[in-house]
Structure formats: structure tokens, C-alpha cells
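One letter stands for each residue in the lines below.
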Amino acid sequence: MAFSPLLQNLVNALRCLPGVGPKSAQRMALHLLERDRTGAQTLSSALVEAVEKIGECSQCRTLSEDPVCEICASQSRDRTLLCVLESPVDMMAIEQTGGFNGVYYVLKGHLSPIDGVGPEALGIDQLLDRIDQGEVEELILATNPTVEGEATSHYIAEQLRDHPVRITRIAHGVPVGGELEFVDGGTLAHALAGRRSLR
Ligand SMILES: [Zn+2]
């Protein structure tokens, strides 16, 4: 039996979500229509509102309903410390640790020549301009420890080779409470490379 056009539309639309194939999309559509129409209404209005009202912060590029996000607007953050990240999710993860009081810059991706993602799409020029203004004393490169993330950090550091700003890369290493024998080789190699002096 074929779905009615409206139902098929809904199934097709749900497939824009990451990891949702035809079967999952069907299950979701039927669930919403058969069991949770109130939830479906809430979801639909939340989606419309979010898409209409959430833009990006003009300073750090994270998702924000205001022209400048709460963190960038805060007077209590240390503006000399700028942490560069790939995604707003990474920013939230660091915020949740409560251990960082600097400000952020969100690239929204990483360099990927194959997909046509160059420095422009990541706002790297805007980042370099900001560093040129002189307020930032330390730039913390916190892109992911993947090949693309490393290449992106390397590219940014390279652009700032002759700039006096201090550039650091976050250490990726052994998880807290982890035992060395259970840590994978790549992580362990990173942990060793990122070792710091104790005295
Ligand atoms: Zn911001």
C-alpha cells in the first residue's frame, strides 16, 4: 500500500535528519500521527520558531537568538583567552565543565577541500582579523583530534606564524579514571605528544 501524498511528504521531510533512513522516517511519521499529535504540533511550532529566530552570534558564530550571544556579551569572561572549536556542541561541552572562563570562536566545520570547505566558509579571515585587533593573548585550538581537525588547527597556526599571539592546542589524552592498557593507540600517542611539564 502506498502512503497518501501528505503522509509521504512527512516521511520524506523527516529524512533530512541525520541517520534517519526510510524505515525510521516511516516509524516516526506513524508514531506522531497515531500516538502523539500534541507532540507533533509542539515539534512543528518549535522547529518553525527556531529556524526563524535563531541566527548566529556576530562575534563567535555560535547559534544565537541575539546578535551577540550571552557568552560574548558577558562582562565576566576573559577576552584575552579565545578557544577555537568546530561546533556549537563542543562549546556547550566545554561550558558544562565550568572550567573555562575565556571566550569562543566556532568554525562550524573543518577544512575539507574535497567537500569544497575552505577557510572562507569557516570564518577564518574574521578570526584572524579579531586576533589582529590585539585583545586576544592566547588562542586555544580545540578542533577535534581527527585528520581534518588537526589540519584545520595547523592551518590557523600557520596563518599566525609571525603573530605574537600565544597559540596552544588542547591535549587529547587518557580519560580521567582511565587505565593506560585500555586506551587506544592513537589516543595514547596523542597523550604522550601533548605531555606537559610538572615542574
Ligand atoms: Zn558569541
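Conventions adopted
Residues numbered from 1 in each chain as written. Predicted model: local features only at pLDDT ≥ 70, side-chain atom pairs only at ≥ 80, totals over all residues. Heavy atoms only, no water. Salt bridge = Lys/Arg side-chain N within 4 Å of Asp/Glu carboxyl O. Helix = DSSP H or I, 4+ residues; strand = E, 2+ residues; numbered from the N terminus. Buried < 20%, exposed > 50% of the residue type's maximum accessible area, 1.4 Å probe, protein only. UniProt positions renumbered as here; feature names shortened; annotations may be inferred. Axes fitted to C-alpha atoms, helices over the stretch in contact; angles between N-to-C directions. Contact = heavy atoms within 4.5 Å. Pairing = 2+ DSSP bridges. Donors = N, O, S within 2.8 Å, 3.2 Å for Na, K, Ca; no water. Tetrahedral: all angles 85-135°; square planar, octahedral: opposite > 155°, others 65-115°. Polar contact = N/O pair within 3.5 Å; in protein donor to acceptor, adjacent residues only side chain to side chain.

Across all of its chains, the model carries 6 salt bridges by this definition. For the salt bridge of Lys108 with Glu56, the shortest nitrogen-to-oxygen distance reads 2.6 Å. Taken together, the positions of Lys108 in the loop between strand E4 (102-106) and helix H6 (124-132) and Glu56 in strand E1 (residues 55-56) put the pair 52 residues apart, joining distant regions of the chain. Lys108 sits in the partly exposed class, given a relative accessible area of 34%. Classification of Glu56 as partly exposed rests on a relative accessible area of 41%.

This part covers the UniProt feature "domain: Toprim" (unreviewed entry) in the chain. UniProt records the feature "domain: Toprim" (unreviewed entry) at residues 80-175, using the numbering of this structure. Secondary structure content for residues 80-175 is 33% helix and 20% strand, while the C-alpha to C-alpha distance between its ends is 28 Å.

Take the packing of helix H2 (residues 22-35) against helix H3 (residues 37-53) next. Packing of H2 against H3 brings their axes to within 6 Å, and their N-to-C directions diverge by 115 degrees. Where H2 abuts H3, its residues Leu32, Leu33 and Arg35 lie against Arg37, Ala40 and Leu43.

To continue, consider the sheet that holds E4. For sheets, the rule is that strands pair by backbone hydrogen bonds, running either parallel or antiparallel. With parallel pairing, 4 strands are arranged side by side in an open sheet as E4-E3-E5-E6. Each end of this open sheet is capped by a strand with a single partner; those strands are E4 and strand E6 (166-169). For this sheet, the mean inter-axis angle between neighbouring strands, taken without regard to orientation, is 25 degrees. For strand E5 (residues 138-141) and E6, the ladder comprises 4 bridges, and the chain directions are parallel. Opposite Leu139, over in E6, you have Ile167 as the bridge partner. Strands strand E3 (78-85) and E4 of the sheet are contacted by helix H5 (residues 88-97), whose axis makes an angle of about 160 degrees with E4.

Angles at a metal have ideal values that depend on geometry: 109.5 degrees with four tetrahedral donors, 90 or 180 degrees with six octahedral donors. Distances from the zinc ion to its protein donors, namely Cys57 (SG), Cys60 (SG), Cys69 (SG) and Cys72 (SG), fall within the range 2.3 Å. If you look at the zinc ion, its 4 donor atoms make angles of 107 to 116 degrees with each other, and the shape they trace is tetrahedral. Counting along the primary sequence, the residues that act as donors to the zinc ion give the motif C-x2-C-x8-C-x2-C. Cys69 gets classed as buried once you look at its relative accessible area, which sits at 6%.

Here we take up the UniProt feature "zinc finger region: C4-type" (unreviewed entry) in the chain. In the numbering used here, UniProt assigns the feature "zinc finger region: C4-type" (unreviewed entry) to residues 57-72. The span residues 57-72 shows a helical share of 19% and a strand share of 12%, and its end C-alpha atoms are spaced 8 Å apart.

Attention now moves to unusual backbone geometry. Phi is positive for Arg61, which is not a glycine, with a value near 70 degrees. Position of Arg61 among the secondary structure elements: in the loop between E1 and strand E2 (63-64). Judged by its relative accessible area of 8%, Arg61 falls in the buried class. A positive phi is found at Lys108, a non-glycine position, where the angle reads about 60 degrees.

The topology assignment puts Thr143 in the loop between E5 and helix H7 (147-159). Among the polar contacts made by the side chain of Thr143, one reaches the main-chain carbonyl oxygen of Gly149 at a distance of 2.8 Å. Apart from the residues lying within four places of it in its own chain, the contact partners of Thr143 are Val84, Glu86, Leu107, Gly149, Glu150, Thr152, Ser153, Arg169 and His172.

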